[in-house]
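Observations on chain architecture
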Amino acid sequence: DAGVTQSPTHLIKTRGQHVTLRCSPISGHKSVSWYQQVLGQGPQFIFQYYEKEERGRGNFPDRFSARQFPNYSSELNVNALLLGDSALYLCASSHTSGSYNEQFFGPGTRLTVL
Amino acid sequence: GESVGLHLPTLSVQEGDNSIINCAYSNSASDYFIWYKQESGKGPQFIIDIRSNMDKRQGQRVTVLLNKTVKHLSLQIAATQPGDSAVYFCADSFYGKLTFGQGTILTVHP
């Protein structure tokens, strides 16, 4: 079975641009979460979606937005990119939302903002 | 999530030794805790989890200990192998939102 897939694997953008990152969860999983991992740090929670509804939002500015589609795939959008947005963006999927759900991570999208 | 520094703690062991990695969490309301292993260029990989109503759980070569009084987790790896070399993160879950602790770089020497 395929795991969580993310696209693209790498991306280079310049300040002020917009970026869209994509995630496909494991088949049967209805919840997708997004995390930002800056080099040398642990991942930080950005969003969680379940059944196409936002179930949680981390401490990130409104430049960050996301959505989940009927097939449970998800997109993360970041507007007006800053140098500090350079990071590995991770998507994780789980059966449902809530605590006792193992979250499976994808390989991430490496975003570099110049 | 917590703000962590750029310099992760490191643990260097010989192959065959036992390894212990420690982690502190801050949210006393968290009810589910997970250890992840992250290799270079990859996403975090689940190792073992524990619910807040337990204080110890064992897996294959790994054991997680939870001390809710002092908000502390530890991961014990028995007979550490070179393939165990990676960055290890603990995470606590509150309504499905994972908060990751400071990672530890484990290096296993043959």
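Please refer to the structure higher up on the page.
Here is a short report on the structure shown in this document. (Residues numbered from 1 in each chain as written. Chains lettered and ligands numbered in written order. Predicted model: local features only at pLDDT ≥ 70, side-chain atom pairs only at ≥ 80, totals over all residues. Heavy atoms only, no water.)

1. Notes on the overall build of chain B
For clarity, the cut-off: Each helix corresponds to a stretch of at least 4 residues labelled H or I by DSSP, and each strand to a stretch of at least 2 residues labelled E; elements are numbered beginning at the N terminus. Each radius of gyration is computed over the set of C-alpha atoms, and the globule rule expresses the reference value as 2.2 Å times the number of residues to the power 0.38. The rule is simple: take the accessible area with a 1.4 Å probe, protein chains only, and divide by the maximum for that residue type; under 20% is buried, over 50% is exposed, in between is partly exposed. Contact between two residues is taken to exist if any of their heavy atoms lie within 4.5 Å; hydrogens are not considered.
Check the secondary structure of chain B and you find zero helices and ten strands. Here the C-alpha radius of gyration of chain B, 13 Å, is about what a compact globule of 110 residues would show, namely 13 Å. Counting all 110 residues of chain B, 43% fall into the buried class. Sequence separation of 24 or more characterises 53% of the internal contacts of chain B that already satisfy a separation of 6 or more.

2. Here's the deal with unusual backbone geometry
Here the bond from A:Ser7 into A:Pro8 is cis, since omega is -10°, no more than 30 degrees from zero. Structurally, A:Pro8 can be placed in the loop between β1 (5-7) and β2 (10-13). Positive phi is not limited to glycine here, since B:Arg61 has a value of about 65°. Turning to its location among the elements, B:Arg61 is positioned in the loop between β5 (56-58) and β6 (62-67).

3. Remarks on the packing of aromatic side chains
All names here are of chain A. Selection criterion: Here the aromatic set is Phe, Tyr and Trp, taking the six-membered ring for Trp, and pairing holds for ring centres within 6.5 Å; pairs whose planes are under 30 degrees apart are stacked, those over 60 apart are edge-to-face, and all others are tilted.
Going through the model one piece at a time under the given rule, you end up with twelve aromatic pairs over all chains. With centroids separated by 5.7 Å and ring planes inclined at 65°, the aromatic side chains of Tyr 35 and Phe 45 adopt a geometry described as edge-to-face. A residue pair is termed long-range when its members are at least 10 positions apart, and Tyr 35 in strand β4 (residues 31-37) and Phe 45 in strand β5 (residues 44-50) qualify at ten residues. Take Tyr 35 and Phe 45: they sit in the same class, and that class is buried.

4. Brief notes about the sheet that holds strand β8 (residues 74-78) of chain A
Residues and elements named next belong to chain A. The condition is simple: We call two strands paired when DSSP finds no fewer than two bridges between them. In this analysis, axes come from line fits to C-alpha atoms, helices being fitted only over the stretch in contact, and the angle between any two N-to-C directions falls in the range 0 to 180 degrees.
Spatial strand order, β1-β3-β8-β7: four strands in an open sheet with antiparallel pairing. Only two strands of the sheet have a single partner each, and these edge strands are β1 and β7 (64-68). Within the sheet, the average angular offset between the axes of one strand and its neighbour, ignoring direction, is 15°. Pairing between strand β3 (residues 19-24) and β8: five bridges, direction antiparallel. Each bridged residue has a counterpart across the sheet, and for Leu 21 the counterpart in β8 is Leu 76.

5. Some details on the pairing of strand β6 (residues 53-57) of chain A
Residue and element names in this part refer to chain A. Here β5 runs beside β6; their pairing, made up of four bridges, is antiparallel. The partner of Tyr 49 across the bridge, within β6, is Glu 54. The turn linking β5 back onto β6 is made up of two residues, and Glu 51 within it adopts a positive phi angle of 50°.

6. Let's talk about the environment of B:Ala78
All names here are of chain B. Take Ala 78: it is sitting in the loop between β7 (72-77) and β8 (86-94). Owing to a relative accessible area of 34%, Ala 78 belongs among the partly exposed residues under this scheme. The spatial distance from the C-alpha of Ala 78 to the C-alpha of Val 62 is 6.3 Å, given a sequence separation of 16 residues. The residues touching Ala 78, leaving out its near neighbours within four places in the chain, are Asp 17, Asn 18 and Arg 61.

Shape descriptors only; they carry no functional weight alone.
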